[in-house]
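# An overview of the molecular structure
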Amino acid sequence: MERYLRFAIYLFAIRMIDMPICEEPEGEYTYKELTKNEIEIKVDCLLELWRNLVQYLRMSPTYYPEDEFTDRAFLDHIHNKGTRLFVVEQNQKIIGMIDVSKDSNSFITTEEDTMNVGELYIKQNYRGYNIVAGLLLHVNNTLKKEGVKRLWVEHGTTNPTAQRFWGKYFNQFTYTLTRKIDERIII
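Just so you know, the residues in each chain are numbered from 1, in the order the chain's sequence is written. A pLDDT threshold of at least 70 governs which residues receive local features in this predicted model, and a stricter bar of 80 or more applies before side-chain atom pairs are shown or counted, although totals over entire chains, interfaces and linings include all residues. The basis for every side-chain value is the complete set of non-hydrogen atoms in the structure, without hydrogens or water.

So, on to the overall build of the chain. Put simply, DSSP H or I for four residues or longer makes a helix, DSSP E for two residues or longer makes a strand, and each gets a number counted from the N terminus. Looking only at helices and strands, the chain features five helices and seven strands. Reading the chain from its N end, one meets helices and strands in the order β-β-α-α-α-β-β-β-α-β-α-β. Here the term buried applies to any residue with accessible area under 20% of the maximum for its type, exposed to any over 50%, and partly exposed to those in between, with areas from a 1.4 Å probe on protein chains only. A total of 187 residues make up the chain; the buried ones form 41% of that total. Contact definition: two residues touch when any of their heavy atoms are within 4.5 Å. Summarising the internal contacts of the chain: among those between residues at least 6 apart in sequence, 74% fall at separations of at least 24.

Moving on, we come to the side chain of Arg150. Looking at where Arg150 falls in the secondary structure, it is placed in strand β6 (residues 150-156). Arg150 sits in the buried class, given a relative accessible area of 18%. In terms of polar contacts, Arg150 uses its side chain to reach the side chain of Asp113, at 2.6 Å. Discounting chain neighbours no more than four positions away, the residues touching Arg150 are Ile14, Arg15, Met16, Ile17, Glu111, Asp113, Thr114 and Met115. Polar contacts here mean pairs of N or O atoms no more than 3.5 Å apart (in protein, one a potential hydrogen donor and the other a potential acceptor; neighbouring residues in sequence count only if both atoms are side-chain atoms).

Another point: the pairing of strand β4 (residues 93-101). Burial runs high along β4: eight of the nine residues are buried. Should DSSP find at least two bridges between two strands, the strands are regarded as paired. Bridge analysis of strand β3 (residues 84-90) against β4 gives seven bridges, and the strand direction is antiparallel. Bridging from a neighbouring strand, Phe86 pairs with Ile98 of β4.

With that settled, the discussion passes to the packing of aromatic side chains. Only centres within 6.5 Å qualify two rings of Phe, Tyr or Trp (six-membered ring in Trp) as a pair; their planes then separate them into stacked at under 30 degrees, edge-to-face at over 60, and tilted for everything else. Evaluated as defined, the whole model comprises five aromatic pairs. With a centroid separation of 6.1 Å and an interplanar angle of 25 degrees, the aromatic rings of Phe12 and Trp152 are classed as stacked. Taken as a pair, Phe12 in strand β1 (residues 5-16) and Trp152 in strand β6 lie far apart in primary sequence, 140 residues in all. Each member of the pair Phe12 and Trp152 is classed as buried. Ring centres of Trp50 and Phe74 lie 4.8 Å apart, and the angle between their planes is 10 degrees; this geometry places the pair in the stacked category. Residue Trp50 is located in helix α2 (residues 43-58), and its partner Phe74 is located in helix α3 (residues 71-79); the two are separated by 24 residues in the primary sequence. When sorted by exposure, Trp50 lands in the same class as Phe74, which is buried. Three or more aromatic residues joined by ring pairs form one cluster here, namely Phe165, Trp166, Tyr169 and Phe170. The side chain of Arg15 reaches across the aromatic face of Phe170, ending 5.9 Å from its centre. Only Lys NZ and Arg CZ are tested; either one counts as a charge over a ring when it is within 6 Å of the ring centre and within 35 degrees of the ring normal.

Salt bridge, as used here, is a side-chain nitrogen of Lys or Arg placed within 4 Å of a carboxyl oxygen of Asp or Glu. According to the stated counting rule, one finds ten salt bridges in the structure shown. Ionic pairing is found between Lys168 and Glu23, a salt bridge with its closest N-O pair at 3.4 Å. Residue Lys168 is found in helix α5 (residues 160-169), and its partner Glu23 is found in the loop between β1 and β2 (30-34); the two are separated by 145 residues along the sequence. Between Lys32 and Glu89 there is a salt bridge; the shortest N-O distance is 3.8 Å. Residue Lys32 is found in strand β2, and its partner Glu89 is found in strand β3; the two are separated by 57 residues along the sequence. It is possible to trace a salt-bridge network through shared partners that takes in Lys32, Glu38, Lys42 and Glu89.

Encoded structure:
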C-alpha cells in the first residue's frame, strides 16, 4: 500500500478574452469543438491523450494518485453537460485537446461570463510549433462570440512547461497551498 504526504502549490490565472494571442501554428491543422456524439465516436483516441497526460503528470515529484486522475473521472468530466471539448487535428487525427466548463472555485471565477480552461494536452512530437496556442486561440475566439469575457486556469507550480505556457497567456491572481497527510499513515 502506497503512503504519501500530499503537498502541492497551485497557481490560479485569468485572462481577459480580448487579450491577443499572436502566435501562428507552423503547419496545417484543424481546430474544432467536438459534439457529444463525436466524443462518443472518438472516445478511444481521447482516452489515449488523457492517459498520456496522466503519465506526464506522474513524472512530477509532487504527483499524488487521486481519483481525479482515473479514466472514469475523465469520462465523467467530458460527458458532463457543462463541459465542452475542443481538439486539434492533423490529417483528421486528433493530436491535442482542451476542455472548458463553468467550474469555479473562487469569487473571481463565479461570474456568468467567465469559464474555466481545464485539461490541456498535445502529443509530444507536436510540441514547439505553436499548435497549442492555435487551439487556445480557437477556444478563445469561439467563446468570445458567445459573450464570454474571461477565462481562468488552475495548474500546479511544479510543472515548468505549464507555468511557461499559461504564464504567457494568463495573469496569475493567487497561489493555493495544499498539504494532506495520507490518513492510512496515522495509527
